[in-house]
Every structure is written in C-alpha cells, then in structure tokens.
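# A structural walkthrough
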Amino acid sequence: MGRIGPGELVLLLLIALVIFGPSKLPEIGKSMGSAINEFKSQMNKINKDDKDELKEKNI
C-alpha cells in the first residue's frame, strides 16, 4: 500500500471542504492534531515502560 501523494491529498481536502464547510476545517484540524499528539505521547510512554521493564528483568 502506497503513501498519499499530493493529488490524493488535494482531493481529500476538497472533499472535506465540501462536507464540513470552511468554518469547521480549522477546528477539525486542531482536534486531529491534538489526537495525534496524544496518541504519540501514549505510545512513547508505553515504549519507555517496556524498555524499563526489560532492563529490570536483565539485571
């Protein structure tokens, strides 16, 4: 499965603009950004906890 190219990205943005309207797009973008940051933060925490647990088992 390939990555999203510039053409596909433009098409997705146009569809989102039609569905949600121009006034809602910044709010949706902010919410998506917050969700992605929270997800990354939790994944980093899980990875750190796993690494700490492995270090304790090896000692």
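Here we summarise the structure given alongside this text. (Residues numbered from 1 in each chain as written. Predicted model: local features only at pLDDT ≥ 70, side-chain atom pairs only at ≥ 80, totals over all residues. Heavy atoms only, no water.)

## As for the pattern of salt bridges
Using the following cut-off: Between Lys or Arg on one side and Asp or Glu on the other, a salt bridge is scored when a side-chain nitrogen of the former is within 4 Å of a carboxyl oxygen of the latter. When accessible area is computed with a 1.4 Å probe and restricted to protein chains, residues below 20% of their type maximum are described as buried, those above 50% as exposed, and intermediate ones as partly exposed. By the criteria applied, helices consist of DSSP H or I runs no shorter than four residues and strands consist of E runs no shorter than two, each listed in order from the N terminus.
This model, assessed by the stated rule, comprises three salt bridges. Note that E27 and K24 form a salt bridge whose closest N and O atoms lie 4.0 Å from each other. Assessed through its relative accessible area of 48%, E27 is described here as partly exposed. You can call K24 partly exposed: its relative accessible area is 40%. Between K57 and E53 there is a salt bridge whose closest N-O contact spans 3.6 Å. With K57 and E53 both in helix α2 (residues 25-58) and four residues apart, the pair spans about one turn of that helix. Since its relative accessible area comes to 60%, K57 is described here as exposed.

## Examining the environment of V10
Structurally, V10 can be placed in helix α1 (residues 6-20). Distance in space between the C-alpha atoms of V10 and S41 is 29 Å, their sequence separation being 31 residues.

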